[in-house]
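Architecture at a glance
Read off the chains here:
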Amino acid sequence: MVPLDSTAAQPRARMVAAVRASEETAAELETAVLLRYGLLHGPGTWYAPGGAFAAALAGDWGAPW
């Protein structure tokens, strides 16, 4: 398992704390599965067609990140 980024600055630190809390809660259960998503794809994400990542790849560095 990849360790959490315990030195993250805000606002990322809030997300790291939430993941840590989920993992601590799951550790108390007899059986649990937690998935840490690195990248989310699909409508409304940076990676959607026409999204910020697609715009950056097309050379539009003014795209909203």
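Whatever comes next refers back to the structure up there.
Within each chain, residue numbers correspond to sequence positions counted from 1 in written order. Two thresholds apply to this predicted model, a pLDDT of at least 70 for residue-level local features and 80 or more for giving and counting side-chain atom pairs, whereas whole-chain, interface and lining totals are computed over all residues. Side-chain measures were taken over the full set of non-hydrogen atoms in the model, leaving aside hydrogen atoms and water.

Before going further, it helps to examine the overall build of the protein chain. Looking only at helices and strands, one finds 2 helices and 0 strands in the protein chain. Partly exposed residues are those whose accessible area sits between 20% and 50% of the maximum for their type, while under 20% is buried and over 50% is exposed, using a 1.4 Å probe and protein chains only. When burial is assessed residue by residue, the protein chain has 15% of its 65 residues classed as buried. Contacts are assigned to residue pairs with any non-hydrogen atoms lying within 4.5 Å of each other. Considering only contacts within the protein chain whose residues lie at least 6 apart along the sequence, 11% involve residues at least 24 apart. Of the roughly 5500 Å² of accessible surface on the protein chain, 62% is carried by carbon and sulfur atoms. Secondary structure is summarised from DSSP: a helix means a run of H or I of at least four residues, a strand means a run of E of at least two, and numbering begins at the N terminus for each. Surface accessibility follows the Shrake-Rupley procedure with a 1.4 Å probe radius. Residue values consider only the protein chains on display as shielding.

As a further point, take the environment of T7. Looking at the secondary structure, you find T7 in the segment before α1 (12–27). N or O atoms within 3.5 Å of each other form a polar contact, as long as, within protein, one can give a hydrogen and the other can take it, and as long as residues adjacent in sequence are counted only when both atoms are side-chain atoms. Within the structure, the side chain of T7 is placed 3.0 Å from the side chain of D5, a separation counted as a polar contact.

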